[in-house]
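Listed below, chain by chain, are the residues.
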2 protein chains.
Amino acid sequence: MRNIKLVIQYDGTRYLGWQIQREGPTVQGMLQERIAKITGEQVSVIAAGRTDAGVHALAQTASFKTESALPAGTVMAALNALLPEDIRIMGTCDMDAAFHPRYDARGKVYFYIIANMPVVSPFLCNYVWKIPQNLDFDGMCAAVSLLQGTHDFTSFRASGCGAKSPTRTITRCSVERIAVIDFMTEGLSGNFLKLRIEGDAFLRHMVRNIAGTIVEVGKGKMPSDMVLELIKARDRRLAGPTAPAKGLFLERINY
Amino acid sequence: MRNIKLVIQYDGTRYLGWQIQREGPTVQGMLQERIAKITGEQVSVIAAGRTDAGVHALAQTASFKTESALPAGTVMAALNALLPEDIRIMGTCDMDAAFHPRYDARGKVYFYIIANMPVVSPFLCNYVWKIPQNLDFDGMCAAVSLLQGTHDFTSFRASGCGAKSPTRTITRCSVERIAVIDFMTEGLSGNFLKLRIEGDAFLRHMVRNIAGTIVEVGKGKMPSDMVLELIKARDRRLAGPTAPAKGLFLERINY
């Protein structure tokens, strides 16, 4: 039995997230359906992280078991020929039978693109979180640095999260100004911020709840050092709202 | 009676084009519905050019008549608040009653983004025409320069085109390599070409048929100077196929 690893890029706009469900199209569902056409097998594609509806991925990692003799490169070409264009396979390789994309992951990197402007280009609307108010950049930088380290993140955990322990380690959290060059207009445009979070693993909605809280700091609704109190309080009701899915990208899985 | 001009940017992916129809959402339909909410009037929004389903616009120009006393800036803010995010009003202004967006247009500029690569980022797939084969850039440049001038463009005119005369003037046609900076990865990526066409007016599908023909030249299926023979032949069957809508942008209307 072979164990094939997939590195997948997707635009999450049209999908109900990673995990297969009856209600509509999902990334996992699209992949499993195409793999069935290529290998004739009903496989289960396991991802390193299940992304929510509307969340994008630059390098989601997943794997599936197969008896097929097709070379990994052929599997990639066949999948890219059959998949819709908003899901692309960037790489495939044969792994040891023991490889598991989630259990073996040492860390994950997510980022939010925040468009700090009153009007967002229609070509970017599915990829950014729009905040029209002025944001306190320095306050946001101070707040994110306080999140780094090993903490009980109960205050940033969604109800229904199935993780046994609420303790996670954020190895790096940063906010930076980025230049966005819109290839449609070829002009440098607007005031975009990138909120990047790297950690060993994340609780359900933890990244979205952290982003929602950091933006509250940016809006001046919360002092930056209140982040430490929020962590101590272990109470979801005190932290900021859950940020919208569409500005969120799974950047990378570290192994 | 006021005559309000709108400058509109839209991502055409979700729409059945500009012109209102029963079968599904259109840009004109979205605008007329929102204007009715704002002014209480059933207006007709007239555009400079009707774009096909999937075609995008950076600065479509349109106008409508209204008895409303709302300042033009308020109309813009109200429309942007009510419209879906993939349609944005970039400007509104009061015009003379005689202004007509189509009849008064002196020229239009369209461009195609051609992604000359085997795999296109899922974030760009709705905005480019993917051509995996190597393209002869110099041959394409030679071909587009031959299109400039006043010609009978019957060979590039779709059946069903209602224009009385098939003669149009292309004031400028160019192909250039452009750098696309993907804000998701912040990396400079791939080999993108921009095919830009500026003219006084265009026949139905003329831009798409010209783009389809220029790409045939790029693929080496047609010598670049055959463009002149195509113009002379006045036969739609001889020119290249109609290029897909999704890589096409209406850049600007000149008045």
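Residues numbered from 1 in each chain as written. Chains lettered and ligands numbered in written order. Predicted model: local features only at pLDDT ≥ 70, side-chain atom pairs only at ≥ 80, totals over all residues. Heavy atoms only, no water.

**Remarks on the overall build of chain A**
Move 1: For chain A, the count of helices and strands is five helices and twelve strands.
Move 2: In summary, chain A has a C-alpha radius of gyration of 19 Å against a globular reference of 18 Å for 255 residues, a match within 12%.
Move 3: Counting every position in chain A, which comprises 255 residues, the buried fraction comes to 57%.
Move 4: Excluding contacts between residues fewer than 6 apart, the proportion of contacts in chain A whose partners are at least 24 apart in sequence is 72%.
Move 5: Seen as two clouds, the 30 positive and the 24 negative side-chain charges of chain A have centres 4 Å apart. (Helix = DSSP H or I, 4+ residues; strand = E, 2+ residues; numbered from the N terminus. Rg over C-alpha atoms; globule rule 2.2 N^0.38 Å. Buried < 20%, exposed > 50% of the residue type's maximum accessible area, 1.4 Å probe, protein only. Contact = heavy atoms within 4.5 Å. Lys, Arg positive; Asp, Glu negative; His and termini not counted. Charge placed at Lys NZ, Arg CZ, Asp CG, Glu CD.)

**Side note on the pairing of strand β5 (residues 107-115) of chain A**
Each regular strand shows side chains that alternate between the opposite faces of the sheet.
Residues and elements named next belong to chain A.
Move 1: Of all nine residues in β5, nine are buried; the element is thus mostly enclosed.
Move 2: Burial along β5 is two-sided: Gly107, Val109, Phe111, Ile113 and Ala115 and Lys108, Tyr110, Tyr112 and Ile114, pointing in opposite directions, are all buried.
Move 3: Pairing analysis gives six bridges linking β5 to strand β12 (residues 248-254), with the strands arranged antiparallel. Looking at the pairing, Val109 lines up with Arg252 of β12.
Move 4: Pairing analysis gives eight bridges linking β5 to strand β11 (residues 192-199), with the strands arranged antiparallel. (Pairing = 2+ DSSP bridges.)

**Comments concerning helix α1 (residues 27-39) of chain A**
Residues and elements named next belong to chain A.
Move 1: With 13 residues, α1 ought to run about 18 Å at 1.5 Å a step, and its terminal C-alpha atoms sit 18 Å apart, in line with that.
Move 2: The inward-facing, buried residues of α1 abut β1 (2-10), β3 (56-66), α2 (72-82) and β4 (87-95).
Move 3: One side-chain oxygen at the N-terminal end of α1 lies 3.0 Å from the backbone nitrogen of Gly29; it belongs to Thr26. (Expected span 1.5 Å × (residues − 1). Polar contact = N/O pair within 3.5 Å; in protein donor to acceptor, adjacent residues only side chain to side chain.)

**Some thoughts on unusual backbone geometry**
Move 1: The phi dihedral of Arg234 of chain A is positive, around 50 degrees, even though this residue is not glycine.
Move 2: Structurally, the position occupied by Arg234 of chain A is in the loop between α5 (226-233) and β12.

**Some details on the interface of chain A and chain B**
Move 1: Counting from both sides, the interface comprises 32 residues of chain A and, opposite them, 32 residues of chain B.
Move 2: Roughly 2,800 Å² of surface becomes buried between chain A and chain B when both sides are summed, with 66% attributable to carbon and sulfur atoms.
Move 3: For the interface between chain A and chain B, the tally reads two salt bridges.
Move 4: At the junction of chain A with chain B, the criterion picks out two residue pairs in polar contact (both at pLDDT 80 or more).
Move 5: Contributing elements (two or more residues each) for the side of chain A that touches chain B: β1, β3, β4 and β5 of chain A.
Move 6: Looking at the side of chain A that touches chain B element by element, the count peaks at three residues for β3 of chain A.
Move 7: Its residues assigned to classes, the side of chain A that touches chain B comprises 20 nonpolar, five polar and seven charged. (Buried area = accessible area lost by both parts, 1.4 Å probe. Salt bridge = Lys/Arg side-chain N within 4 Å of Asp/Glu carboxyl O. Nonpolar A, V, L, I, M, F, W, Y, C, P; charged D, E, K, R; others polar.)

**Side note on the relation of the copies chain A and chain B**
Move 1: With an RMSD of 0.0 Å, the operation that places chain A on chain B is a rotation of 180 degrees combined with a shift of 0.0 Å along the axis. The transformation relating the two chain copies, once decomposed into turn and shift, fits a two-fold axis.
Move 2: Of the residues that chain A buries at the interface, 100% are likewise interface residues in chain B, meaning the two copies contact each other through the same surface. (Least-squares fit on C-alpha atoms with pLDDT ≥ 70 in both.)

**Remarks on the packing of helix α3 (residues 137-147) of chain B against helix α4 (residues 206-218) of chain B**
Each packed pair of helices is defined by two parameters, the angle between the axes and the distance between the axes.
All names here are of chain B.
Move 1: Interhelical geometry of α3 versus α4 gives an angle of 145 degrees and a closest axis separation of 8 Å. The chirality of how α3 crosses α4 is right-handed. Along its contact with α3, which presents Gly139, Met140, Ala143, Val144 and Leu147, the element α4 presents Ile210, Ile214, Val215, Val217 and Gly218.
Move 2: Here the contact of α3 with α4 is built from residues that sort into eight nonpolar, two polar and no charged. (Axes fitted to C-alpha atoms, helices over the stretch in contact; angles between N-to-C directions. Left-handed = near helix turned anticlockwise from the far one by under 90°.)

**Brief notes about the environment of Thr167 of chain B**
Move 1: Mapped onto the fold, Thr167 of chain B is located in strand β8 (residues 167-182).
Move 2: Residues Thr167 of chain B and Thr61 of chain B lie 106 residues apart in sequence; the distance between their C-alpha atoms is 23 Å.

**Section: the pattern of salt bridges**
For side chains of opposite charge, pairing can occur when their charged atoms come near one another.
Move 1: Summed over all chains, the structure comprises 22 salt bridges over all chains.
Move 2: For the salt bridge of Glu251 of chain A with Arg252 of chain A, the shortest nitrogen-to-oxygen distance reads 3.6 Å.
Move 3: Note on Glu251 of chain A: relative accessible area 15%, which makes it buried.
Move 4: Given a relative accessible area of 33%, Arg252 of chain A falls into the partly exposed group.
Move 5: Here Asp86 of chain B and Arg14 of chain B are joined by a salt bridge, their closest N and O atoms 2.7 Å apart. With Asp86 of chain B in the loop between α2 (72-82) and β4 (87-95) and Arg14 of chain B in the loop between β1 (2-10) and α1 (27-39), the pair connects residues that are 72 residues apart, well separated along the chain.

**Points about the domain arrangement of chain A**
Residue and element names in this part refer to chain A.
Move 1: Taken domain by domain, chain A consists of domain 1 (2-95) and domain 2 (107-254).
Move 2: Averaged C-alpha coordinates put domain 1 and domain 2 at centres separated by 27 Å.
Move 3: When the two sides are added together, the surface that domain 1 and domain 2 hide from each other amounts to roughly 1,100 Å², 58% of it contributed by carbon and sulfur.
Move 4: Contact with domain 2 buries area across many residues of domain 1, yet Asp52, His56 and Leu58 alone supply 41% of it, more than any other trio.
Move 5: Counting across the domain 1 and domain 2 interface gives one salt bridge.
Move 6: Joining domain 1 to domain 2, the criterion identifies nine residue pairs in polar contact (both at pLDDT 80 or more).
Move 7: Taken together, the residues of the side of domain 1 that touches domain 2 sort by class into six nonpolar, seven polar and two charged. (Domains from an automatic or database assignment.)

**Here we look at the side chain of Thr51 of chain B**
All names here are of chain B.
Move 1: Mapped onto the fold, Thr51 is located in the loop between β2 (46-47) and β3 (56-66).
Move 2: A relative accessible area of 6% places Thr51 in the buried class.
Move 3: Within the local environment of Thr51, its side chain forms a polar contact with the side chain of Tyr10, the two groups lying 2.7 Å apart.
Move 4: Those residues in contact with Thr51, other than ones at most four positions away along the chain, are Tyr10, Gly17, Trp18, Gln60 and Leu250.

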